[in-house]
Amino acid sequence: MRNSFIIFFITVFLSCSVSAQLSETQRIKLITQYNEIVTKAETIGNRADSVDFVWYAQLLEPYMHLEFFPDFYKEADPEFFTDENMDARSQWIASSQEKLKKLRLRKDITIYVEKADSLHVYNHEQLTSYPKFKSYRRKTKLKWHLEFLPSVELIKLATADTIKKNTVNYLQKLKLVEKKYQNKYLRGYRDRNLLSFFVDGYLEHRKRKRMKTRFEEKGLLKEPSRGAVILLAPPLIGVSSNSFTTIENNGTMVGLVQILGYDRYIGQSFKNYFGFSIFHASPLNSTMGLWDSSMIGLEVHYKNLFNIGYGLGYKEQTIGTETGRFGQIFVSVALFNKFFKKE
């Protein structure tokens, strides 16, 4: 189950975000092949074939000239095609990659060219998809030529190398992020939601569901959210102080249940958290009746290992001439992990 889930993330990541980035050696080879294509376009006798070579050369440009866009791109949309727009660069590579992938089948492909100058290839999603550029572009066919083969194969190899490298890198990142989910949902979080612990089956289902919802379109798994709501946490064993109100009540051992609260996870590991909660407390050795002695209060806690709060009785008590509620300070610790191991 775990391995198949990781493979799912990697597959989506690669299909969404991998672009064929060439190594320096590969780029040098591609520049040589690019120059040969350009020379062929200038020397070939057949004009139709010459135009094919000009168009094809423009499909190779994103792999070599990553630092700038063609001038006619900038003239068409100067606000979008800027040197700082990294998304535009990624889309430029992706557009070429898609067309070259089809050319590997040794078939003709459909491209868009500028109406005013048919030698300008609109090789970018911004120019080929947006309606505002509809009147400036036209469809045409780029024919396959055997001279395209060396550069097509080189880019295919570079893409395979990139996929392999990114697979390894992303798998390592995914394992680190998944460990954060593991720490959150199988350590602190399960101790804060008793019902979820049983309903979700050791919270494995909850963890997987949260991982899916935080998977970005770009193929990156975001770390867990820093917050967690407390809903009916497992009981705690604590002690209370003597009453701080005019209605006296001696300190005693109590059982507490955190009814509603909020935790905030800190640090990179997601093992530590602090928060607050509204709790219900009942004395374990009450002589006044369970309901008469029960209290509600507010506490703060760290990792659910140390909890301190203040509570007031649900009901008013009359002792002698005094009538009111007794209020006490509570200190408590969690015992749930003693019976259910964290890992």
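Since this is a predicted model, take the numbers as computed values, not measurements. (Residues numbered from 1 in each chain as written. Predicted model: local features only at pLDDT ≥ 70, side-chain atom pairs only at ≥ 80, totals over all residues. Heavy atoms only, no water.)

Caption draft 1: Molecular detail of the overall build of the chain. On a plain count of helices and strands, the chain comes out with 11 helices and 11 strands. The burial tally for the chain puts 44% of its 343 residues in the buried class. Of all intrachain contacts in the chain linking residues separated by at least 6 positions in sequence, the fraction that spans at least 24 positions is 66%. Accessible area of the chain: about 18,500 Å², with a carbon and sulfur share of 58%. (Helix = DSSP H or I, 4+ residues; strand = E, 2+ residues; numbered from the N terminus. Buried < 20%, exposed > 50% of the residue type's maximum accessible area, 1.4 Å probe, protein only. Contact = heavy atoms within 4.5 Å. Areas by Shrake-Rupley, 256 points an atom, 1.4 Å probe, with all protein chains shown as cover.)

Caption draft 2: Quick look at the packing of helix α2 (residues 24-43) against helix α3 (residues 47-60). The contact between α2 and α3 brings their axes to 8 Å, and the two run at 155 degrees. In terms of their interaxial angle, α2 and α3 are classed as roughly antiparallel. As α2 packs across α3, the resulting crossing turns out to be left-handed. Contact residues: Leu30, Tyr34, Ile37, Val38, Lys40 and Ala41 in α2; Ser50, Phe53, Val54, Tyr56, Ala57 and Leu60 in α3. Taken together, the residues of the contact of α2 with α3 sort by class into 10 nonpolar, one polar and one charged. (Axes fitted to C-alpha atoms, helices over the stretch in contact; angles between N-to-C directions. Parallel < 35°, antiparallel > 145°, perpendicular 65-115°, else oblique. Left-handed = near helix turned anticlockwise from the far one by under 90°. Nonpolar A, V, L, I, M, F, W, Y, C, P; charged D, E, K, R; others polar.)

Caption draft 3: Representation of the pattern of salt bridges. One pass over the full model with this rule turns up six salt bridges. Across the salt bridge formed by glutamate 223 and lysine 180, the nearest N and O atoms sit 3.0 Å from each other. With glutamate 223 in the loop between α9 (204-213) and β3 (227-231) and lysine 180 in helix α7 (residues 149-188), the pair connects residues that are 43 residues apart, well separated along the chain. (Salt bridge = Lys/Arg side-chain N within 4 Å of Asp/Glu carboxyl O.)

Caption draft 4: Molecular detail of the side chain of glutamine 58. Structurally, the position occupied by glutamine 58 is in helix α3. The residues contacting glutamine 58, other than those within four sequence positions of it, are Phe72, Leu119, His120, Val121 and Asn123.

Caption draft 5: A look at the pairing of strand β6 (residues 272-283). Two elements, strand β5 (residues 253-266) and β6, share 12 bridges in a ladder whose sense is antiparallel. Bridge pairing in β6 places isoleucine 266 opposite asparagine 272. Inspection of the sheet shows β6 paired to strand β7 (residues 295-302) by eight bridges, in the antiparallel sense. What sits directly across from glycine 275, in β7, is histidine 301. (Pairing = 2+ DSSP bridges.)

Caption draft 6: Focus on the nonpolar core. In terms of nonpolar packing, the biggest core is built from 26 residues, with Tyr56, Leu59, Leu60, Leu100, Leu103, Leu142 and Phe148 touching the most fellow members. For this core, the element with the most residues is α3, which contributes seven residues. Setting aside chain neighbours within four positions, we find leucine 100 in contact with Tyr56, Leu59, Leu60, Tyr63, Val152 and Ile155. Residues Phe72, Trp92, Tyr122 and Phe133 belong to the second largest nonpolar core, which totals 10 residues. (Core = buried A, V, L, I, M, F, W, Y, C linked by side-chain atoms within 4.5 Å.)

Caption draft 7: Seen up close, empty space enclosed by the protein. Enumeration according to the criterion identifies one cavity of 30 Å³ or more in this entry. Put simply, the largest cavity is a space of about 40 Å³. Lining the largest cavity are 10 residues; nearest its centre among them are Val254, Pro283, Ser293, Met295 and Gln328. For the lining of the largest cavity, the secondary structure elements donating two or more residues are β6 and β11 (327-334). At three residues, the largest contribution of residues to the lining of the largest cavity is made by β6. (1 Å grid on protein atoms, 1.4 Å probe; cavity = no way out; pocket = protein on both sides within 12 Å on 5 of 7 lines; lining within 4 Å. Points joined across faces, edges and corners; volume = space filled by probe spheres on them.)

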